[in-house]
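Architecture at a glance
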Amino acid sequence: MNLLKISWSNLKDKPLTSFLSILLMALGIAIISLLLLAGKQLEEKFTRNVAGIDMVVGAKGSPLQLILASIYQIDAPTGNISLDETNRLTRNPLVKSAIPLSMGDSYQGYRIVGSNEKYLQHFEAEYESGKVFSEPMEMVLGAKVAKNLELKVGDTFASQHGYDKEGDVHEEKKFKVVGILKNTNSVLDQLMVTPLESVWAVHDEHHEEEVGKGANALKLLEEDTSPTTDDGHHHEEESKEITSMLIKFRNPAMGMMMARSINQNTTMQTASPAIEINRLFALMGFGIDTLKIIALVIIIVSGLSVFVSLYNSLKERKYEMALMLSMGASRTKLFFLLLLEGLIISSIGFVIGIALSRLGLWLMSKNVEQNFHYDFNVLSLLTEELWLFIGALVIGLLAAAIPSLGIYKIDISRTLADE
Amino acid sequence: MIATQNLTFSYSSEKSFAFPDFSCADRETMLILGKSGKGKTTFLHLMALLLKPTGGKIQINNQEISDLSVGSAADFRAKNVGIIYQKPHFVHSLTVLENLLLTNYLAGKSQAKDLAKHLAESLGFAEHLHKKTTQLSQGEQQRVSIARALMNKPSVILADEPTSSLDDDNCLKVVDLLKKQIEEIGASLVVVTHDQRLKDVVEKRINL
């Protein structure tokens, strides 16, 4: 027999009321903790992938889209740009390194990226098995792709056009797996990387098909609008295209001037990952803040529920309290007894809330992994959650303390004599 | 033992009481008879130190207790006085056994589980020890509250109308039980009641 036991019995004695208070507390905690976790993990993921890239060059369009497509591989590419034109950029002495990317095809929902060895080096990739590609139609797989599609070195397959599973299959040209990477904890894990030439090879055929089917009109239009010589037209036919280029500057400040010049003088646009991601987080932050306020309201309602239930039960238990006082309990002891009820509800609510948030994150990561091939690390505990715990305890304490002060006003003799 | 001299108490200038002196030795029973409104419960609360007297003296075990501070009065009461209330009230959420042990806990004594079982057997509710008190009949609850008053082996047991809600058979049984129990632990028993049936079974009595 001790205070904790009496408190616990009191809570068990009113299972529905206690359940409601705990549930509300757990829901509020779960939502806030889920937001904290998801936000934190997303931010980590986003900043890790952006490291070492100062600028992305691509076709004109939404700069955010360009960043999302080129760095995170989660949005559709903006369009194509000329390789010649980007190659001219790379000769600029301000550019330290430049990685060309060509996207647009997929296999079983995983994106195929045409690039070169530098792209793999950028992520400091190591090989689980096999080696880097050395000629077109060879392919290196990210760790997660190889695992989920059960592919190994030596396997061959045909890619699909676009990112739908129902896209046209490029049956004629088959890819051959030559290497499988170790986990890098970056976007590379979800990618299939092949030399740029493979993408061109696959799409040359594709292009011819389209021409045969009825893109003649477009071709005629092109001829009309370009009054160049036959020679120039021929050159355009042969010019290769890529989707975008990841650039690292020797001096980022000077690089900004180069970016302005590209935006003004070419058909391409530049986007800075840092700026775009900040913009994205600012947009998301608004939604997250709203959700946090909702969660906070739920937690406060939980506190109110504790308040109301203790206030009511104290009226019912007035005699009981007088009885315990007559049996030698001090008023302070009984005050703590009631505080303990609020604290127990807060603590249980917190534990259940944290468990719920982990479950939620786990379900979310399953879902996200299927749709975007992005995964979350589920089991880390945040320091913010410690503050959340203290906050929950304070709310439980306050909610219990206010009605419990009534203990100090009980007239023992009168209460015992009244009934 | 317990004794009082010139005990007075007033709720207000119009409503005041003066109580007759009495003394009750160990293993003795004192009956205080009086009709409603005569201040029976007030008298009992004064002896239990739940109220502070306006004047007069009270001794328990030859110790003057009328001038104890609130804190030490609570401590003294918890250790030396067992109270049986008119209606048996318990801590609702606890079982019978837990209610008995609560008496020890709140008095700061070690929890006497064996004594609780022994009392439950001799008072006839041993099979109900792990039930909630609300599951027991009125008579059973009354016996549990007697056991509770005995848990700290007090020197004085104060009973407020312990028999008013009981039929003749049970009334006599309860008094018998009480007398037997104080014999066992060597306490004084003071019963405050309007129940005339008790006149025949208790020798010492005063009227208010």
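Residues numbered from 1 in each chain as written. Chains lettered and ligands numbered in written order. Predicted model: local features only at pLDDT ≥ 70, side-chain atom pairs only at ≥ 80, totals over all residues.

**Brief notes about the overall build of chain A**
- Looking only at helices and strands, chain A has 15 helices and 13 strands in total.
- Taking all 419 residues of chain A together, the buried fraction comes to 37%.
- Considering only contacts within chain A whose residues lie at least 6 apart along the sequence, 80% involve residues at least 24 apart. (Helix = DSSP H or I, 4+ residues; strand = E, 2+ residues; numbered from the N terminus. Buried ≥ 20, exposed ≤ 12 C-beta atoms within 10 Å, placed from the backbone. Contact = placed C-beta atoms within 7 Å.)

**A look at the interface of chain A and chain B**
- Each partner contributes residues to the interface: chain A has 21 residues there, and chain B has 24 residues.
- Of all the secondary-structure elements, those providing two or more residues to the side of chain A that touches chain B are helix H1 (3–13), helix H12 (318–326) and helix H15 (412–418) of chain A.
- Taken together, the residues that form the side of chain A that touches chain B break down as 10 nonpolar, 7 polar and 4 charged. (Nonpolar A, V, L, I, M, F, W, Y, C, P; charged D, E, K, R; others polar.)

**Observations concerning the nonpolar core**
- The biggest cluster of nonpolar side chains holds 99 residues, and the ones touching the most others in it are Ile29 of chain A together with Leu158 and Val190 of chain B.
- The residues touching leucine 158 of chain B, leaving out its near neighbours within four places in the chain, are Leu44, Met47, Ala48, Val81, Ile83 and Val190 of chain B. (Core = buried A, V, L, I, M, F, W, Y, C linked by C-beta atoms within 7 Å.)

**Description of the packing of helix H11 (residues 273–316) of chain A against helix H14 (residues 383–404) of chain A**
Residues and elements named next belong to chain A.
- Following both chains from N to C, one finds H11 and H14 inclined at 25°, their axes separated by 8 Å at the closest point. Judged by the angle between their axes, H11 and H14 are roughly parallel. For H11 against H14, the interelement crossing comes out right-handed. On H14, the residues touching Ile299, Ile300, Gly303, Leu304, Val306, Phe307, Leu310, Tyr311 and Leu314 of H11 are Ala392, Ile395, Gly396, Leu398, Ala399, Ala400, Ile402, Pro403 and Ser404. (Axes fitted to C-alpha atoms, helices over the stretch in contact; angles between N-to-C directions. Parallel < 35°, antiparallel > 145°, perpendicular 65-115°, else oblique. Left-handed = near helix turned anticlockwise from the far one by under 90°.)

**Side note on the environment of valine 177 of chain A**
- With respect to the helices, strands and loops of the structure, valine 177 of chain A is situated in strand E9 (residues 175–181).
- Along the backbone, valine 177 of chain A and valine 140 of chain A are 37 residues apart, and their C-alpha atoms lie at a distance of 6.0 Å.

**Re the confidence of the model for chain B**
Residue and element names in this part refer to chain B.
- Put simply, chain B has an average pLDDT of 89, and 100% of its residues get 70 or more.
- Of all the helices and strands in chain B, helix H6 (residues 168–185) carries the lowest mean pLDDT, 86, while helix H3 (residues 96–106) carries the highest, 94.
- Across the whole predicted complex the pTM is 0.74, and at the interface the ipTM reaches 0.91. (pLDDT = per-residue confidence, 0-100.)

**Focus on the pairing of strand E1 (residues 55–59) of chain A**
All names here are of chain A.
- By the criterion of burial, E1 is predominantly enclosed, with 4 of the 5 residues buried.
- When E1 meets strand E12 (residues 244–249), the two strands line up antiparallel, connected through 4 bridges. Each bridged residue has a counterpart across the sheet, and for glycine 58 the counterpart in E12 is serine 244.
- Bridge analysis of E1 against strand E13 (residues 268–271) gives 4 bridges, and the strand direction is antiparallel. Within E13, the residue paired with valine 56 across the bridge is alanine 271. (Pairing = 2+ DSSP bridges.)

**Examining unusual backbone geometry**
- Positive phi outside glycine occurs at asparagine 61 of chain B, with the angle close to 50°.
- Relative to the elements of secondary structure, asparagine 61 of chain B occurs in the loop between strand E5 (55–60) and strand E6 (63–64).

**So, the sheet that holds strand E8 (residues 156–160) of chain B**
Residue and element names in this part refer to chain B.
- Here 5 strands make up an open sheet; going across it, the order is E7-E8-E9-E4-E10 and the pairing parallel. Edge positions in the sheet fall to strand E7 (81–84) and strand E10 (204–207), since each has one partner strand and no second. Each strand axis lies, on average, 15° off the axis of its neighbour in the sheet, ignoring direction.
- As paired elements, E8 and strand E9 (residues 188–193) share 5 bridges and run parallel to each other. When the sheet's bridge partners are listed, valine 156 is paired in E9 with serine 188.
- The strands that helix H5 (residues 138–150) touches are E7 and E8; relative to E7, the one it contacts most, it runs at about 170°.

**Some remarks on the packing of H3 of chain B against H5 of chain B**
Residue and element names in this part refer to chain B.
- Running from amino to carboxyl end, H3 crosses H5 at an angle of 30°, the nearest separation of the two axes being 8 Å. Of the possible angle classes, the one that applies to H3 and H5 is roughly parallel. As H3 packs across H5, the resulting crossing turns out to be right-handed. When H3 is examined against H5, the residues Val96, Asn99, Leu100 and Thr103 are found in contact with a partner set consisting of Val144, Ala147 and Arg148.
- For the contact of H3 with H5, the class distribution of residues is 4 nonpolar, 2 polar and 1 charged.

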